[in-house]
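Secondary and tertiary structure notes
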Amino acid sequence: MKVTRAAAPLLPLCERLLPTRLTGLSVALLKATALELAILAGHLLLYPSGIIQERRTTPAPPSADAPRLPTEDKPPVVLLHGFIDNRSVFVLLRRALAQDGGRHLESLNYSPLTFDIRAAAELLGRHIEDICERTGRERVDVVGHSLGGLIARYYVQRLGGDRRVRTLVTLGTPHGGTQVAPLANAHPIVRQMRPGSDVLEELREPAPGCRTHFVAFWSDFDHVMVPVETACVDHPDLMVRNVQVTGIGHLALPVHPTVANEIRKALDAAPTATRPAARPGGLTVA
């Protein structure tokens, strides 16, 4: 996936100042950075709208004359935001996933004062049990951005959540730990996202028979993931598809329409129980 028509006025300057082999990369980086700033500005405006927890509803049964959709292939979807964020980050993704109908969508806000990934994973588990009870479904899909993906993975691997989660899609999640912003180590949950933390070491332990299918999106311009490949899932016991996204940054992953389309395809696809784990860089969206 490549972002175009951004930072175009700077192109001639880059061509003069940089070697030819670096020009394309630098212009792409400028485009990705410009897009990140634009998304950040828009998200700051939307942020207040997502502070309040989403109202939990029970899907209304369809009328007798309504066309029947293949809902058996579309379990409910839970959207889980990242660090110091809320459900407003999923405004556009939610709209994209709802376009073809037949999919129950819910977001979960966890408190910015949450200090432990394990506690947040337990909260997610209770929320998913509530969704299954209200919808009458046995399993759900989960889409987690950044820290949200790590919380969902802990629930799946360590708390028996693979019984409930069919597909887990992660967007820019530090599966291997990120080294960005070392001064942020004062926050306990940031320390849990560092390489070698107790939580990440738990996730490296064997997970035989895990029933959840993982789809991990990682971006080559994600400055929150250091190194960028840390957003890949690399575990011999897990069914994984790692998807490389080219040309956008961390904040754009839950917003960009091309990524949203790929997420929808991942949720529509029936997971295969025998798929082997994929190494980082297994698939590129271009």
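As a starting point, this report considers the structure included with it.

Cut-offs applied
- Residues numbered from 1 in each chain as written.
- Predicted model: local features only at pLDDT ≥ 70, side-chain atom pairs only at ≥ 80, totals over all residues.
- Heavy atoms only, no water.
- Patch = residues over 30% accessible without salt bridge, like charges linked within 9 Å, V, L, I, M, F, W, Y side chains within 5 Å.
- Areas by Shrake-Rupley, 256 points an atom, 1.4 Å probe, with all protein chains shown as cover.
- Salt bridge = Lys/Arg side-chain N within 4 Å of Asp/Glu carboxyl O.
- Helix = DSSP H or I, 4+ residues; strand = E, 2+ residues; numbered from the N terminus.
- Buried < 20%, exposed > 50% of the residue type's maximum accessible area, 1.4 Å probe, protein only.
- Core = buried A, V, L, I, M, F, W, Y, C linked by side-chain atoms within 4.5 Å.
- Contact = heavy atoms within 4.5 Å.
- Axes fitted to C-alpha atoms, helices over the stretch in contact; angles between N-to-C directions.
- Parallel < 35°, antiparallel > 145°, perpendicular 65-115°, else oblique.
- Left-handed = near helix turned anticlockwise from the far one by under 90°.
- Nonpolar A, V, L, I, M, F, W, Y, C, P; charged D, E, K, R; others polar.
- Pairing = 2+ DSSP bridges.
- Expected span 1.5 Å × (residues − 1).
- 1 Å grid on protein atoms, 1.4 Å probe; cavity = no way out; pocket = protein on both sides within 12 Å on 5 of 7 lines; lining within 4 Å.
- Points joined across faces, edges and corners; volume = space filled by probe spheres on them.
- Arc of directions from axis to C-beta.

The next subject is a nonpolar patch on the surface. The grouping of Leu-37, Leu-40 and Leu-44 at the surface amounts to a nonpolar patch, some 300 Å² of accessible area in total. With respect to the helices, strands and loops of the structure, Leu-40 is situated in helix H2 (residues 20-46). Residue classification places Leu-40 among the partly exposed positions, given a relative accessible area of 37%.

Opposite charge on two side chains lets them pair, provided their charged atoms get close. Taken as a whole and assessed by the stated rule, the structure comprises 15 salt bridges. The shortest N-O distance in the salt bridge between Glu-138 and Arg-164 comes to 3.4 Å. A residue pair is termed long-range when its members are at least 10 positions apart, and Glu-138 in the loop between helix H4 (117-135) and strand E3 (140-145) and Arg-164 in the loop between helix H5 (147-158) and strand E4 (165-171) qualify at 26 residues. Taking relative accessible area as the criterion, Glu-138 reaches 58% and is therefore assigned exposed. Judged by relative accessible area, Arg-164 falls into the buried class, the value being 11%. Connected through shared salt-bridge partners, Asp-116, Arg-118, Arg-158, Glu-202 and Glu-205 make up one network.

Here we come to the nonpolar core. A general tendency of soluble globular proteins is for nonpolar side chains to be buried together. Formed by 35 residues in total, the largest nonpolar core has its most connected members in Ile-117, Leu-124, Ile-128 and Ile-151. Sequence-distant contacts of Ile-151, that is, excluding residues within four places in its chain, are made with Leu-80, Tyr-110, Ile-117, Ala-120, Ala-121 and Leu-124.

Moving on: the packing of helix H3 (residues 91-98) against helix H8 (residues 257-268). For any two helices packed against each other, one specifies the crossing angle of their axes together with the interaxial distance. Where H3 meets H8, the closest approach of the two axes is 10 Å, and the angle between their N-to-C directions is 50°. The pairing of H3 with H8 is recorded here as oblique in orientation. Note that H3 runs across H8; the crossing there is right-handed. On the side of H3, the interface is formed by Leu-93, Ala-96 and Leu-97, while H8 contributes Ala-260, Ile-263, Arg-264 and Leu-267. A breakdown of the residues in the contact of H3 with H8 according to their chemical character gives six nonpolar, no polar and one charged.

Now for the pairing of strand E2 (residues 105-108). Neither face of E2 is left uncovered, since the one carrying Leu-105 and Ser-107 and the one carrying Glu-106 and Leu-108 both have all their residues buried. Bridging between strand E1 (residues 77-80) and E2 involves four bridges; their strand directions are parallel. The partner of Val-78 across the bridge, within E2, is Glu-106.

Before going further, it helps to examine H4. Taking 1.5 Å per residue as the helical rise, H4 with its 19 residues ought to reach 27 Å, and the 27 Å between its terminal C-alpha atoms agrees with that figure. The complete set of buried residues in H4 reads Ile-117, Ala-120, Ala-121, Leu-124, Gly-125, His-127, Ile-128, Ile-131, Cys-132 and Arg-134. Just past H4, the residue Gly-136 takes up positive phi, approximately 75°.

Attention now goes to the packing of H4 against H5. For the pair H4 and H5, the least separation of the axes is 8 Å and the interaxial angle reads 75°. Judged by the inter-axis angle, H4 sits roughly perpendicular to H5. Taking contact as the criterion, the partners of Ile-117, Arg-118, Ala-120, Ala-121, Leu-124, Gly-125, Ile-128 and Glu-129 in H4 are, on H5, Leu-147, Leu-150, Ile-151, Ala-152, Tyr-154 and Tyr-155. Looking at side-chain class alone, the contact of H4 with H5 contains eleven nonpolar, one polar and two charged residues.

Here we come to the layout of surface pockets. There is about 570 Å³ of room inside the largest pocket. If you trace the largest pocket, you find 30 residues lining it, with Phe-83, Ser-146, Val-224, His-250 and Leu-251 closest to the centre. A total of seven residues in the lining of the largest pocket trace back to one element, the largest contributor, which is H2. Residue composition of the lining of the largest pocket, by class: 18 nonpolar, nine polar and three charged.

A separate point is the environment of Met-193. Tracing the chain through its elements places Met-193 in the loop between helix H6 (188-192) and helix H7 (198-203). For Met-193, a relative accessible area of 8% translates into the label buried. Expressed as a C-alpha distance, the spacing of Met-193 and Pro-174, which sit 19 residues apart in the sequence, is 6.6 Å. Met-193 has contacts with Ile-117, Leu-147, Leu-150, Pro-174, Gly-177, Thr-178 and Leu-200, leaving out every residue within four places of it along the chain.

What follows concerns the side chain of Lys-74. One can find Lys-74 in the loop between H2 and E1. In this structure Lys-74 comes out as buried when scored by relative accessible area, which is 13%. Among residues more than four places away in sequence, those in contact with Lys-74 are Asp-100, Gly-101, Gly-102, Arg-103, Arg-137 and Asp-268.

Before going further, it helps to examine H8. In a regular helix each residue adds 1.5 Å, so twelve residues correspond to 16 Å; H8 covers 16 Å between its end C-alpha atoms and thus fits that length. The complete set of buried residues in H8 reads Val-259, Ala-260, Glu-262, Ile-263, Ala-266 and Leu-267. For H8, the arc enclosing every buried residue in end-on projection is 160°, short of the 170-degree limit, so these residues lie on one face.

Limitation: the analysis is restricted to geometry and does not speak to function.
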